[in-house]
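Structural features, examined
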Amino acid sequence: MRRGERPAVVPPGPTAVDGGTAELLGDADRDGSWVLLVDGTPQSHVDLDDPAHLEFEYVRRMGHVLDLAAPEGEPVDAVHLGGGALTLPRYLAVTRPGSRQSVVELDGRLTDLVRTHLPLPRGAARVRVRAADARAGLAALPTGSADVVVSDVFAGARTPAHLTTVEFAAEARRVLRPGGVLTANVADGPPLRFARGQVATLRAVFGHVCLLAEPGTLRGRRFGNLVAVASDAPLPVAALTRRCAADPMPARVVAGDDLDRFTGTAQPVHDADAVPSPEPPPGVFSR
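Here is what the cut-offs are and how they apply
By convention here, each chain's residues receive numbers from 1 onward along its written sequence. A pLDDT threshold of at least 70 governs which residues receive local features in this predicted model, and a stricter bar of 80 or more applies before side-chain atom pairs are shown or counted, although totals over entire chains, interfaces and linings include all residues. Think of the side-chain values as coming from all heavy atoms in the structure, minus any hydrogens and water. Axis definition: a line fitted to C-alpha atoms, limited for helices to the stretch in contact. Angles are taken between N-to-C directions and run from 0 to 180 degrees. Helix numbering and strand numbering both begin at the N terminus, where a helix is a DSSP run of H or I of at least 4 residues and a strand a DSSP run of E of at least 2. Geometric relationships in this document are graded by angle, where less than 35 degrees denotes roughly parallel, more than 145 denotes roughly antiparallel, 65 to 115 denotes roughly perpendicular, and other angles denote oblique. Whether two residues are in contact is decided by their heavy atoms: any pair within 4.5 Å suffices. Residue polarity is assigned by list, with Asp, Glu, Lys and Arg as charged and Ala, Val, Leu, Ile, Met, Phe, Trp, Tyr, Cys and Pro as nonpolar; anything else, Gly included, falls into the polar class. Buried, partly exposed and exposed residues are distinguished by accessible area as a fraction of the type maximum, computed with a 1.4 Å probe on protein chains only: under 20%, between the cut-offs, and over 50%, respectively. A pair of strands counts as paired when DSSP detects no fewer than two bridges linking them. Working rule for handedness: look at the near helix, and if it is turned counterclockwise from the far one by less than a right angle, call the crossing left-handed; if clockwise, right-handed. Note on definitions: salt bridges are taken to be side-chain nitrogens of Lys or Arg within 4 Å of carboxyl oxygens of Asp or Glu.

**What about the packing of helix α6 (residues 193–203) against helix α9 (residues 256–263)?**
At a minimum axis distance of 9 Å, the contact between α6 and α9 shows a crossing angle of 125°. Considered as vectors, α6 and α9 are oriented oblique to each other. Across the interface between the two elements, A195, R196, V199, A200 and R203 from α6 touch G256, L259, D260, F262 and T263 from α9. Looking at the contact of α6 with α9 residue by residue, the classes come out as five nonpolar, two polar and three charged.

**Here's the deal with helix α1 (residues 57–67)**
In an α-helix, one turn spans 3.6 residues; hence positions three or four apart end up facing the same way. Among the eleven residues of α1, nine are classified as buried, and the element is accordingly described as predominantly covered. If you check which residues of α1 are buried, you get Y58, V59, R60, R61, M62, G63, H64, V65 and L66.

**Observations regarding the pairing of strand β7 (residues 127–130)**
The sheet contact formed by strand β6 (residues 100–104) and β7 spans four bridges and is parallel. By the bridge assignment, S102 is partnered in β7 with R128.

**What to know about the packing of α1 against helix α2 (residues 87–95)**
Their axes nearest at 11 Å, the elements α1 and α2 cross at an angle of 35°. Our pair here, α1 against α2, has a crossing hand that is right-handed. From α1, V59, M62, G63, L66 and D67 reach across to α2, where they touch T87, L88, Y91 and L92. Here the residues of the contact of α1 with α2 sort into six nonpolar, two polar and one charged.

**Observations regarding the pattern of salt bridges**
If you walk through the whole model with that rule in mind, you get 13 salt bridges. The residue D18 makes a salt bridge to R109 at a minimum N-O spacing of 3.7 Å. Of the two residues, D18 is situated in the loop between β1 (15–17) and β2 (20–26) and R109 in helix α3 (residues 108–117); the sequence distance between them amounts to 91 residues. By relative accessible area, D18 is classed as partly exposed at 49%. Taken together, the shared-partner salt bridges in this structure form one network comprising D77, R100, D147 and R177.

**A closer look at the sheet that holds strand β10 (residues 208–213)**
Strand order in the open sheet formed by eight strands is β7-β6-β5-β8-β9-β11-β10-β12, with mixed pairing between adjacent strands. Each edge of the open sheet carries a strand with a single partner, namely β7 and β12 (252–254). Across this sheet, the average inter-strand angle for adjacent strands is 15°, counted without regard to direction. Bridge count between strand β5 (residues 77–81) and strand β8 (residues 146–151): four bridges; the pairing is parallel. Among the inter-strand pairings, V79 is bridged to a residue of β8, identified as V149.

Now the structure itself:
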């Protein structure tokens, strides 16, 4: 949709949702763009006029994974765990028209808010949103039914413990077709103990894993979002490296021996000993 052709968005102000208080704020730097906050933490950014624009750096890196998951423009079957403002479902709807997309979002009132005030683009008719816990929603899906699984789930500013385990990763692998790809948002800071454990966890289930992250985060200098990628087929590491290096905030792709060194002695995480991702320092994700 061209800028100026869409109806004006009139945000409702702070709104009670199941997970807290949601608010839609206009992006002063980009006309037609909105940021979704829940309890003051930015959850999503969407550009209603250009859904292919991905503002958040880690989401852009996930977009690279989706771009390389199949030949350019070819429809895929995608599962999104965590919906927020439906940024990546919008992205796939315009970059891979005809894709079938299943979104599992626990907060039904949040989804209603988003769909009312930030309507999906044309071509997104095949996006289906189910109000359910992410792991329960994943378990309900048929075996071998998806080309990609995207995991980007937060309760407050932390990933729930039951979405960080070998058992969860195995469920994602079950749902994926051969050669399918899982990509997950991993939020962590110094000393990156949680991120190292997540890599070990994915390696216990998938034959091929890599990690995408901004160098300062990888060096343990700051809290940030790392993107894990896993598959039972070789990953397009070289292509991911080129795309991540060309971003406005370049990122590294860690794979192979470098990933061995990053993981170190970290052990896979199981349901019995799982904990949520670390609480971010005050102000890290505030807006």
